[in-house]
Structures are given as C-alpha cells and as structure tokens.
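Residue strings, one per chain:
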Amino acid sequence: MTEFEPRILALCCHYCAYGAADLAGSMRTQYPPNVRILRLPCTGKVDIAHIMRAFEQGADGVIVAGCLEGGCHFQEGNLRAKRRVGLAKRILEESGLERERLEMFNLSSAMGQTFAEIARDVTERIRALGPSPVRVAGCELRVVSWEASDDSSETKGGETER
Amino acid sequence: MENRTAQPNSVPTGAVMVCGGGIGGIQAALDLANSGFKVYLVEPSPSIGGRMSGLDKTFPTGDCATCIVSPKLVECARNTNIEILTLSEVEEVTGDAGNFAVTIRKKARLVDEKKCNACGDCERACPVRVPNEFNRGLDERPAIGRPYLQAVPNIFTIMRREQSPCASACPLGQKAQAYISLIARGKFDEAAAIIRETNPLPSICGYVCHRPCEAECQRGRYDEPVSIRALKRFVIQQASDGASPSTERRAEKVAVIGSGPAGLGAADWLAQRGYGVTIFEALPVVGGMMRMGIPEFRLPREVIDRDIAAIEALGVQIRTNCAVGGETSIQGLLSDGYSAVFVAAGAQASSSLGIEGEDLPGVHAGLAFIKKANLGEPARLGRKAVVIGGGNAAMDAARTARRLGSDVTVLYRRTRREMPADPAEVQEAIVEGVRFAFLVNPKWFIGRDGRLAGVECIRMALSEEKDSSGRRRPEPVPGSEHIIEADDAIVAIGQQVQPDFSRDVDLTLNRRGLLDVDPVTLATNVPGVFAGGDVVAGAGTLSEAVAAGRRAAESIESFIRGEDMAAGRAADPRLWDEERHERLEQAQRRFPIERERRLSLPQEGYTEEMAIQEASRCLACGVCCECMECVKVCQPKAIDHGQRDELVRLDVGAILAAPGASEFEARLRGEFGFGRYPNVVTNVQFERMLSASGPFAGQIQRPSDSEAPKRIAFIQCVGSRDHATGRSYCSAFCCMAAIKEAVTAKEHDPGLEIAIFYMDIRAFGKDFDRYFERAKDEYGIEFIRAIPSRLIDMPGSRNLRLAYVTSETGRQEREFDLVVLSVGLAPTDETRRLAEKLGIELDPCGFSQTRSLEPVAASRPGIFVAGVFQGPKDIPETVAQASAAAARAMELLAPARGSLVREKSYPPERDLTDAPPRVGLFVCHCGVNIASVVDVEAVVEAAKRIPGVAYAETSIYACADNSQERIKSLINEHDLNRLVVASCTPRTHEAIFRDTARESGLNPYLVEMANIRDQCSWVHASDHEAATAKALDLVRMAVGRACRLLPLTTEMLPVVQEALVIGGGAAGLTAALSLALQGFKAHVVEKENRLGGRLHHIYRTLAGEDVQSFKDRLISEVEAHPNISVYPGAEVVKLDGHIGSFTSELSDGRVIRHGVTIVATGGAPHRPDEYLLGRDERVTTAYDLEERLEGGEIGIPDGGTVLMIQCVGSRNEERPYCSRVCCSAAVKNALRLKERRPDLNVIVLYREMRTYGRREQAYQRAREAGVLFIRYDDEGPPAVSADGRLTISFVEPSTGRQIELPVDLLALSTPVAPAPDNERISELARVPLGADGFFLEAHVKLRPVDFASEGIFLCGAAHSPKPLEENISQALAAAGRAATILSRKSLPVGGQVSVVDVRKCASCLTCVKVCPYGAPVLVGRNGKTRVEIEAAKCMGCGSCAAQCPAKAIQLQHFLDGQIAAAIDAMAEEPALL
C-alpha cells in the first residue's frame, strides 16, 4: 500500500502569507508537495463555511495563514480569522474530526523559511493523524455549506442595487 | 516663501525627475504620477527600495518592512506614468525651474531588461562569489543577481568592475579569474575550455609560464597570491581534451618558420579558422626554445608533446629538419602558393661578454650548453663550474651543470633583489646546492694549458644612479679584483637573432639586431612576411611569444582577405611599451622571500581538493570574470556582456532629490575594532541577521563561530553626535532602531541579555516613549547611560570586553558575546556628486541646505529635496517630506498637469451575457524553471479534459511579448472568455495578464493564475511526479474559479475638486495655500476669529528665522488667493460622504461640498498646575519666555540665574508621550538669553536632551555658550520653593547629592496636548484617535498623513506635537496627497468591493462594526432601514462578507461560489496523468 499523502488546503492572505510562500520559492526552500494554496485578499475573508467546505470535500487538513498580529493590511482581518478558526475547530471536534486538522498561522512576507517549516510541520502532523474520516468513510459532512452553483443571490457586476 | 507664487515665464514641462529610489523617492514618484505628472525615477543602484528594503522590522509597531514596502515597489513599477531608470546617474542639468534638460548616464546592466524574466538560472551558473553588499558582507553572492529577492525591477544585473589585474597582466589575455572561479566550483572542464580559448599551449604554460598574473594578484597584498599557474597545470591535466578542429576549411595556406611558441601560437590560431598551415622547423625536434632552452627537469617532454599534438590535430603540418634559408626560402614559399609567411625563428645565438679568453675551451655559450643537454648530448664538465648571469637561462644552466656533477657558482653583478630570474627557480637552485656570488663581474677568463682555469672578477657596488631598466647601476669597485677558480664557465647573459632565414629577402633589422616590424600588425617590410616572438622582441617569455604569434595570425588573416590589418588595433604594449614591461618585471622581482617556499610546493601538482581550496582564495577583483557560464544557461538570451553605458536626455519641469544617505563607516571609530574583531557588527548587519530572508535566515549568530550569542551590547551614537569624525548631528533614528532590534532579538530568543549603551534615548516620536518603556519593562532590556571607552577582543572566545564610564559608577567593564554598533547616517560621495550636478548647496556635514520655513526647497529654484538627504530623519518623516516635495513640484508645474501622462486605451469589452465559460489555459515552461520539474505537457493534456477548458497549450515564457500576442490572437480565434495562466506568482504578473485580457476585449477580472513556479516547481524540485500532480491540482483550482469569475465594472465617480481644511494654523494655511497654488479651491474653517493659530506665539525658529513675518505673509497670501475661502469663527458640525464627494455643514449653516478633507486642528499648549506656575510671577513657561525675549527688558538682575525645567507635564503617567519640541525650544531660548544677556547664568534641567537631527548642533552651541545642562532623574524631579527667593532643589544623579539653587526666573517646558476639539472631529469625520488623544494615521510608517478612510488627511500637531518646519512639511504633504484625488475629474470605484444583497440584509450592523474604513452605512429609505456599502470607501478585504451572519454580503471577485469552486476542484480525485 502506498503511503498516505495528505491533501491540505492553505487559505493565504495576499499580502503576507502568500508573499511568504512565494519567497520560499525564490529561496528554493524545499517542502513537501501536499499543500495547495488558495489566495484571498485577507484572512478576514476566511469564512468558517470555506473551511468546512474543504473538509467536506475530503481535505485532510486546512491551514489559514495571515499577516503577523498587528501587521494586517486591513487592520484586524487576521484577528477575526483567528476567532473564526477557533470556532471552526470546535465545530470540527463536534463533527468527529480532530481539531488539529485545522490551524491558523501568522507570518510576514519576509518569512519564506517559516512558510516552508509550516508546510513541513502540518504535513507531518496530518500524516500522523491519517486520512480525514470524511474521506475514509465517504460520509457526508454538512455543517454550514452551500451549493457551489447557488449563485442566484450573488451579484453580477455592477447590476446589483447598492 | 518669496519664490513660491512666482510662476515660470514659459509653459512648464509636465514631468518631474525624482532622484533616488528609496522610500522617499518612491512616495514622491507615486504622488506625482497619480496626480497627472510624468515621472522619471532615477536610481543609481540596480533596483529601487533603498535602505528600507534591507530592514527587518519597523518601529514602533514592529511591522515587517518587506511586507509594507514591497507593495509600494510593485505599485511604482506598474504605474504607467513612472519610468524607472535604474543604474542611472545624473550627468548634467541645464535650464531653469519649469524647464530643465537633464542628461542621465544609464550604466550597462549587461542584461537585457526586456528579455530577463528573473528565473535565476544564471545566478546558479555563476562561479563567482563576492561579499554580498546587501547583507553587508555577512554572506556571499554571485556576480550576477538581484540585490534582494523582492527587487523591483525584477531583473538581474551583472556586477562588473575593471578587468581583474591577473587578466590584464597576461600577455595572452587569459581570463585567469574566470578559470580560477570555475575551478573553485569544481567546474574543471569549463575552466580548461576558458584557458584553451586564448592559449594554444596550456599544458606548457602550466609548467613554465612566467606568471605575470601572480605578480599582480591582489590576494598577494593580504597574504600570498593565488597560485594561478599551478591551478592551470592542475586543471589542464584534469580536464578532458579541448576543441575539435574547425570544420570550415579554407584554400589559403600559410607558412610558419619555427615551431617555438610564437610559431605554434600563430599556427593554432590560423588552423582554428580553417587555413592550411605548415611549420618549417630547422631542428629534428618540435617546440623550439621550449624543448631546446628549458631543461627537462623543469618541463617534462610529454607535456610539450601533448600541446603540440593538440595543435597538429587541428591539421597543422610540421616539417622538421627543414631550415628556411637554404633549400627552402621565404621567397620560394611565397611563390609556392603560401599566402603569407610568419617568421618565428627565435633568438638562437647566445650573447657574449666580449672579454678576453671567451674563446677558451671550457667557456660555454649558455644556450648552446642547455641545447646540447636537452638533445641528450650534454657537455662534459669539470669539478668546478661558474655560471655568469641572473636570468632564468642562467638558473637552467646552473641546475643543469649541477646535475652534470659540478660544484656550481652563479656570478651576478647585482644583488639577488635585482635578479630577473623567477625567484622560485632561484630557490630551487639553492636547494639543489648551487652557490651564488652577488655583486661580482668577470673581467677576463684565465687559461692554463690551453683550457679554462679561472675567472678574474671584480666586485661591484650599486650606485644611486638608475640605468635604463630602472635598476640601480652596478659600478666596479676599484682594487677589488680577485680570481675564482673554474674548470668551466657558462655565459648565460642573453640571446641574439641569427638571421639565416632571410637570405633571399631583404628583411630590415633594427639596431638591436632584431627584425624590424610594424608594432601593430607585426608585418615586416616585405609584403606577406610577418615576424614575431624573440626574433622581433629579443629573448622574451613563453606567453609573450604565443601572444605575438596570435597577433601576427590575426594580421595574416586580414592580409589574406585584403582588409586593413591595423584597423581597430593598438600596438602590442609588451613589445613596445618599455615602461609597462619594466613595471611587470619589477613586480615579478617583488616576491617576498617567504612566498618562495609556497611557490615550490605544487611541483607534484594539486589534488582536486587542494585546487578547489587554492582557487577559493581568489578575491574576484573584477567581480564578473566573463566566463560566460551565464550566457550558456540563459534561455531567453538576455545576457549581453557587450552592453555599453547609455546617455539619456530627459526634459522635466522640476527635480526632486531624495538620494538618501549611507551609513557611517564604522572603521573610522577604531576603538570599537569593527573590521578587526569578528563579533563586532553594525546595526545594519544586525538588522540583516534578524531578517528571515537575511544571510542566516533570521538566526542571530556570531560571525566568528556561528554560535548564538547570549549577551549582546548595543553602542549608540557611533558616528553621530561626534565632532571628532565631523558628524555633529544626531542621526535621529538610531535610538529607536536599536530598541527595535533589541526587542526583535528578544522575540527571537527571550533568553538573550541585551544592554544598550547610550547618551540620551531620543524617543521623541509618536508612541516612541511607550515603546521605550515596554522595551525596559516587558522585554527586560537594560539601558545604560554611559560612554563606552574601549572594546577588547578576547583571544580564544572572541568575546568582547567593553570598558565604559558612567557618571554614577565610574569606570566599569563587562563582557559580551556580540557587540552591535549603532552607526548613524552619513552623506555619501554619490550624494555630494548629485548635489554638484544639480547645482544645489550642501551644509558642512553634506546634507542639503534648506531653510526651516522652506523645508523642502533646495537652494536652486525648481529643485526640491526630501528624506535623509535633507537631514537625518526616520521613515514617516521621509515619506511626509517626499509628499511635501511632490506638492511643491505640483505648485510649480500646475499649468502643465496632465500634459505628459498617458492613459492606455483598450478595445470595448465583449458581451459575455449567457456565454458559457470557455477557458484558455496557458501553462508556462518558464524556460527550465517550471518545465524541468513539472511535466508541463502532461499538465496541458490532463487539463484539456477539465470542464470549461476550451483551449490549452504550453508557453516557453508566457510573459514574453510574443507570448502575449499569441494569447491575444488565440483568445479571438477560439472565442475564449476566461484566461488561466499557470506560471509564476500573481503578485508580480497578474497585472500583465489582466492587461493582455483587456487588450483582447476581455474584462480584466476574467483572469486567473495558477502559481506553479514559486509555489510548486521551485519548492518541490526533486519530486517531479508530485510536483506535476500538484501543478495539475493548482490548474484545476484556477480553472474552477475562472469558470465562475464574472466581469466587474467600475463606475466613474465625479470628484468635487475642492478641499476642506479644518484648522487655520500654520499647517492648515500651508496646506490650503499649496492646494490653491496648484489650482484647486480650498475652504479653510477656523474656529478662532483670526487665522494663524499657535504661530502668534512663536517668534523664532531654532535657526533664528523670523516666524512672525512668515505668519503675516502666509495669512495675507491665503486671504488674497482667489482659490481660498476662509471661514473664521466657524466650526464644522456635520461631515458626510466619501472620497471625491463630501458634504460638510458649518456652524453658521453654510454647506460646503468637497472632494477631500484635511484635518489640521493643531494642538493645545498644556498649562500645568505645578512649580508655582500662575502663583509666582517669577515662574513662567517656555512660550512666555520666548515672548519676553522678543520684547524689551528681560527683567533679571545682573548675574542672575534663569533655570528651565524640561518635561513638566509630559512623559508622565497622564501624558506618557514626548512633546518633541520642548528640548529644542529650551536650547533656542537659552541661546537667545545668552546672546542678549551674556551675564546671566542659564541652566537647563533635563531628563533626556532630545535635540534630534541637526538640532544637536544648536545644543552643542548652547553648551559652548556656557549654558549649563544638568540631568535630573525621573525618580527625583526638581522641587521649587518661594521663600522670598525662588529656590530649586533636585538630586544630581551622578553624585546623588541634593542641590539647591536660587533662581531669578524659572521657565517650565510644558507639552503640547491634543486639541480639545479632537474627539468631536474624530466622531464627525469618523477618523480614529490614538491613545494620547492625537489623530491616528492610516499607517505610522508609510501613510503618515493619510487616514485609513480614503480622501481624509491629517497634518500638523493634530497628528502629534512637532516643530514648525515639520508641521509645514506635513501640511505640504497633505496637500500633495490630496492632489492625487483632486487632480482627477472622476475616480473609478467598484471592482473588487463588497456588495449587500438587500433581500438578505437584516440591518444587524455587524458589518458596520467590522469595517475599519466606515464603508457600510445604515441608510433609511421609504421608512425602512438597510445597509449599503459605499464602494468608494471599500478596500476589498472581505471581512464584512465573512462576518455577515445572514450571508447578505459578498465580496466581488471572491464570491463564496468562486472560492468553493476552487476548493472543490482541489478536493477532486487527481486525474490520471
């Protein structure tokens, strides 16, 4: 049997964490290829629903990575994210998933090495936890979610009334 | 002020040159470009970013410097109206304010800016390592690269200095540094190839070259030169064989006479180019002097054979036993079909002494003697032999004679020092038992029985007079004749030409008996006949002969082609420049004795390890060694070693100089041992150590042993406040920087012990004192007020023992593991040169000369200054000053605003209504950067099956111009409506692809990138399979998102091009006047009935300028200006709206519409109830004292005492901030007092003198004038009693003694407090206040005059207390920033902003609480309330969307469905590759 390779989603803010991940590249710092980064303008945009969506879809772990505390480009988006991540951890636990599958990190865009370390540590941690129970059982995890096709309420361009 | 309203006569040019790409220059450039001016940003280094890009954190907030500066750099690079000219310097400035013509020298980058895509392949190929200047020498970098990873422009640069001395010294132009560097990296084949490029006899040279390179090697200045020859020998033996023969064959053939180095040199060159070459050699063996003149023990015969075989392999024919001059003749060769003849017959005859007995048997000609030995038929020698001469031939003869069994003595008429022989050879000879008799000259050879029996010699002495060779002339010492017994004498004093070859042609000989040739072409007087080597130059060296051969060969090719042989060539300096020749020879002789031991070492040759070690000693003098390894690996062909400097002419209306400053050269303070003690570093180095992207990846380590230090000392004021080194100013930022570095270090390692040795802690800025207190209390950093006197480097541990003196404890010593010198700012030669070119004055310290009330105007009209070039300051002040200077340039150029900027036009957007997504996917190879790890073809093939992908292909470089064109045409051809580019990071490249999309009629928001380079191939280089799978995942996520992306439109919001200025003091009026001069309307609201505010109470600046007349002029200009409306006695009571469109209501009912708001409400003087103020008329405040000093009598008896107490009511619990102005005000008043009444005693009681920047010089002047400055402790503040006399008592901290002083006048330095109105304005304008009650700017470092809410600015004491000149700077800055909005008729709003779905909104106001920008507002309509988000205020972070409990808010471009689509795509089971 091949070794379990965790699939980890990283929700990174544009200014700091995503920049740090780029810097890890420029510095050619090697880390395991298990993390896939999704860029957001700010971790303040991270919704518990996004995190749960990832788990529901079979992600084995989720990282939320924002600016250093006090260094958020939008004042305190990362602090809001921190609270939401805390809440999401509780929901995970209540759903029967390990809270360690989700973690928030703070780093500046100059911390390329740190990003690589985080990727290494989290990959190891999730590897130790094993595959997400959602993936194993093929069961459904529905906490807060929506249909990806449900765009009806979303806005299209400038048409929406403001 | 006076030149301010004067407009230039002609229409000004709507462009500005900004000199300096540091944070100041960047800010100014952005402000100018964003308000309608073309900007040329001229930066001497390869990239912008300045000193800030090298910082780790910033004080006092601890923000990451990279995080905050990088977006600015990118913004600058993207701005279409900013042209960045890097590696550029101002050459000349002509013209006047409004119309300058500037010439710029753009230095060669040696890399094509348009082609380089910063992949970094060249960097890894480069074999050179030099100290990394960006990290201040803490690590090394290659010769090609970027100063730092986030550099903008993101282009590589080759650092190349003059050619390295080793290469310049080589007659063959061998690129010694190149092959040494390659050897150091273990690239032996490449090194050998470099050698072979210009050397046809590499193996031979590896043994017997006279190595002029080593004589010039700069490493020899420190210890010993790099053993270049030995390295060459090693690498040629090591490497595989060289070049294959040229495939090109030419019909022409050339004859070469002589198979020595000159002949072979020519033959090789010509054969490489396809000419048929025949060498005619008189002897039965090949190699000329190399075989005949050099003994085998020095040059093994197989080495000669190896090189010659390689030349023969090129097709060169060698005919031995074929002397030209007999049967074969030059004329005959020419008529035989040889196009040219090269005579390289050498100098075969030995020179004779011309003394009696020279023909006796037993006297041998040196050359003939060696020749015979080399041919295997050596002469038979007797017991004793003498050798006459001091050159290499003499050494060869002596060592050969020694091998034949004789006792050998060398007779030389000068001393060992003058011997031309290679010292190594001399040393070898000594080792072998050869004796030397110096200062001896033979007079005649004594014969006995018809054979040599001895030599009569005379002693010589060196006279002071020098001969033609520059050496001291030897003179015979009369009466010193003596006889040396000898059975044999070998005369090795020189060689001569035997012109046997020229029997049938009339070749001209010169007076030295050598062939006469053209010094450039080596052509003889007979057409088609060329000559070179010893036959032309006399006995020379191997490499010179080869060089002559190649020179002749080049001429021969031109001759054959009928071209001008001399075109573009210079005369051979080695042949004809005697002086240079001599210089090299002397350098040869300079080898110190101790070097000789080493020189004899590599006889057996190096091992690989030894060679690499030896090569690593190279200092890389030329930096780039021109090995061309980078050219080989550069796929976009961007590297151009032939690039030249360019002159660029710019027409600009104004010039803004913000070139910054360098740091003080720490070596100048020798007592701290910088540069000698390994564990003494500067604050700049320490900052780099702290940086996560620094040399040690954020680890603090000692340079000596890479250990983590436990005890660190900071020494402040190194090169600041230092008259001894001519730095009489305070550098203003170092106290805070040291605190920041100490705090950051503690955060890295809480166990660190850190002590800061200081004179005064100058924490004078906003929130600085709080930071200082936290450093002490929370981080436990020790602050020691002391004068460090000496630093001792401890042997063994390399710890440092610091001796220092404190006033309390006297002399002390303490040991530290690492010492950080807080070096201050220092103007550089570069900035001095710039000032000279710009024609502006500097102060004696080298900062630009400005006046306090005109803080950004240089001495020449039309030129403005900012940043530390203007004087020491920190980042926020620099940024504010930059905006201020920009504002002044805008005033000057107002009529030309918008004349030179361009807006790009795009085709109309295609209508995508109801169109299903058709994604075009482009997967970039990035040369080998992605493709060597990720199987890009496989990614494309797999991606084609992803729903929505209509077209997919790979691209070598997706960002290249031609790729962009292809993408555009494919979009049209395949009717694509989404663009996904899988390449590098969107942080740098998204703008490019968005532009591509727009150019093909697609909305820019329909572009998505997958970062498969920075976040995939670069970080998973060894796992190709996993990297490819991840790349496909990232592509799938991007496609998933792309399919759901929607076009976003921006609306144009009209701008009310008028400003509201709240406050009519110095700041408000200055801002309003600047805006008015720029052509905008300004409304000034002042709650008092008169304008001027605090200006009414200030009379002089510290420099002595008259403030009252400044005030009067300012008020009258404001009142007279038609663009300004003034509302005295009025207050703003209502303020609504947003950037571009505000509405305000005044207390008199008037309504003003405006596009921007400037808050300039000033501060309020705090009047404490302490020290009998208001109760005793002898107690006053500094302000009142100043007023009194301007008036009549001071009213103090002769010899009386005036005492000032600082920090009364500030830096206490109630007001924990420093009021910044009071120390300078005290100095100002003290100086004025001493000036008016020298008889008075003036005493200043202070806690810390915070006379930052150039104010320090006034503090110094005050002390010199006799003002007494006495410190008092925070613990024991002074007390006052009025028992008849006014008496001050306090504890003098250095003695601990209670001191009581009777005084006649007590002046209290009281702080500036926040204006009482601040809270009301804060609520009105919805802008925040800081903890001390002053307004809080958007970002303390980079947005010092902006509020977080767009369109609202602040300046002056409303921001924090500051002196008048800084208030003026900030006010101008606010005007400059405001102009970026007011200069537009309309602003685009929308795009990536949040919107509310009114059907879901429950008006819970969560979003209102969450948003830091006040964008969501509650509106009532038709009796119902709901929330709207004002697009103009929304910054697009999405916090409200994530927080909204009803999910009623969505952030455009990051809709939940879009994010979910990407998440779902990631989670899909990976498709089979």
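Throughout this description, residue numbers start from 1 for each chain and increase along the sequence as written. Ligands are numbered from 1 and chains lettered from A, in the order in which they are written. With the structure being a predicted model, the display of local features is reserved for residues of pLDDT at least 70 and the display and counting of side-chain atom pairs for 80 or more, all residues being used for whole-chain, interface and lining totals. Water and hydrogen atoms play no part in the side-chain values, which are based on all heavy atoms of the structure.

Colleague: Provide a residue-level description of the overall build of chain A, including the pertinent values.
Modeller: The number of helices and strands found in chain A is five helices and four strands. Numbering of helices and strands runs from the N terminus; a helix is a DSSP stretch of H or I covering at least four residues, while a strand is a stretch of E covering at least two. When its helices and strands are written in sequence order, chain A yields β-α-β-α-β-α-β-α-α. Looking at chain A residue by residue over its 162 residues, the buried ones come to 61%. For chain A, restricting intrachain contacts to residue pairs at least 6 apart in sequence, the fraction spanning at least 24 positions comes to 82%. As presented, chain A carries roughly 6,100 Å² of accessible surface, and 49% of it is formed by carbon and sulfur atoms. Exposed residues in this analysis have more than 50% of their type's maximum accessible area, buried residues have under 20%, and partly exposed residues fall in between, with area computed by a 1.4 Å probe over protein chains only. Here, two residues are considered to be in contact whenever any of their heavy atoms come within 4.5 Å of each other. In this description, accessible areas are obtained by the Shrake-Rupley approach with a 1.4 Å probe, and a residue is regarded as covered only by the protein chains that are shown.

Colleague: Break down helix α39 (residues 1318-1325) of chain B for me, citing the residues and quoting the values.
Modeller: Residue and element names in this part refer to chain B. Among all positions in α39, only N1318, I1321, S1322, L1324 and A1325 are buried. Along α39, the residues classed as buried sweep out an arc of 165° about the axis, all on the same side. Opposite the packed face of α39, turned more than 90 degrees from it, sit the exposed residues E1319 and E1323. For α39, the secondary structure elements touched by its buried residues are β44 (1058-1062), β47 (1132-1138), β50 (1156-1159), β60 (1312-1314) and β61 (1352-1354). One or two steps after α39, the chain reaches R1326, where phi turns positive at roughly 50°. Think of it as the arc spanned by the lines of direction from the helix axis to the C-beta atoms.

Colleague: Lay out the packing of aromatic side chains with the relevant residues and their values.
Modeller: What describes a pair of aromatic rings is the distance from one ring centre to the other and the angle between the planes of the rings. Ring pairs shown here join Phe, Tyr and Trp side chains whose ring centres sit within 6.5 Å, with only the six-membered ring taken for Trp; geometry is labelled stacked below 30 degrees between planes, edge-to-face above 60, and tilted in between. Inspection of the entire model under this criterion finds 20 aromatic pairs over all chains. A centroid spacing of 5.7 Å and a plane angle of 65° characterise the contact between Y31 of chain A and F115 of chain A, whose relative ring orientation is edge-to-face. Residue Y31 of chain A is located in the loop between α1 (17-26) and β2 (35-40), and its partner F115 of chain A is located in helix α4 (residues 112-129); the two are separated by 84 residues in the primary sequence. A single burial state applies to Y31 of chain A and to F115 of chain A, both of which are buried. Centroid distance Y1259 of chain B to F1269 of chain B: 4.8 Å. Interplanar angle 80°. Geometry classified as edge-to-face. In this pair, Y1259 of chain B sits in helix α38 (residues 1255-1264) while F1269 of chain B sits in strand β55 (residues 1268-1271), placing the two residues ten residues apart along the sequence. For the residue pair Y1259 of chain B and F1269 of chain B, the accessibility class agrees, reading buried in each case. Within the aromatic cluster, the residues linked to one another by ring pairs are F59, F764, F768 and Y1252 of chain B. Here the guanidinium or amino end of R676 of chain B rests over the ring plane of Y677 of chain B, the centre of that ring lying 5.2 Å away. Only when the NZ of Lys or the CZ of Arg is both within 6 Å of the ring centre and within 35 degrees of the ring normal is a charge said to sit over the ring.

Colleague: Describe the pairing of strand β42 (residues 1007-1011) of chain B, with residues and values.
Modeller: All names here are of chain B. Counted residue by residue, β42 has five buried out of five residues, so it is predominantly covered. One bridge is not enough; two strands pair if DSSP finds at least two bridges between them. Here five bridges tie strand β41 (residues 978-983) to β42, and the two strands are oriented parallel to one another. Within β42, the position partnered with A982 by the bridge is A1010. Note on handedness: a crossover is taken as right-handed if, strands pointing away from the viewer, the path from the first strand over the helix to the second is clockwise. With respect to chirality, the unit in which β41 leads through helix α31 (residues 986-999) into the neighbouring parallel β42 is right-handed.

Colleague: An account of the interface of chain B and chain A is needed here, citing residue identities and associated values.
Modeller: If you look at the interface, chain B gives 84 residues, while chain A gives 67 residues. Once two parts are joined, some of their accessible surface, as seen by a 1.4 Å probe, is lost; buried area is that loss totalled over both. Regarding the contact of chain B and chain A, the summed buried area is about 6,100 Å², with carbon and sulfur atoms giving 55% of it. By convention in these notes, a salt bridge is any Lys or Arg side-chain nitrogen within 4 Å of a carboxyl oxygen on Asp or Glu. Taken together, chain B and chain A are joined by seven salt bridges. Taking the shortest distance from any N to any O, the salt bridge between K45 of chain A and D1456 of chain B comes out at 3.6 Å. No other element matches the nine residues that helix α43 (residues 1456-1467) of chain B contributes to the side of chain B that touches chain A. Polarity classes work like this: nonpolar for Ala, Val, Leu, Ile, Met, Phe, Trp, Tyr, Cys and Pro, charged for Asp, Glu, Lys and Arg, and polar for all others, with Gly in that last group. Grouping the amino acids of the side of chain B that touches chain A by side-chain chemistry returns 43 nonpolar, 18 polar and 23 charged.

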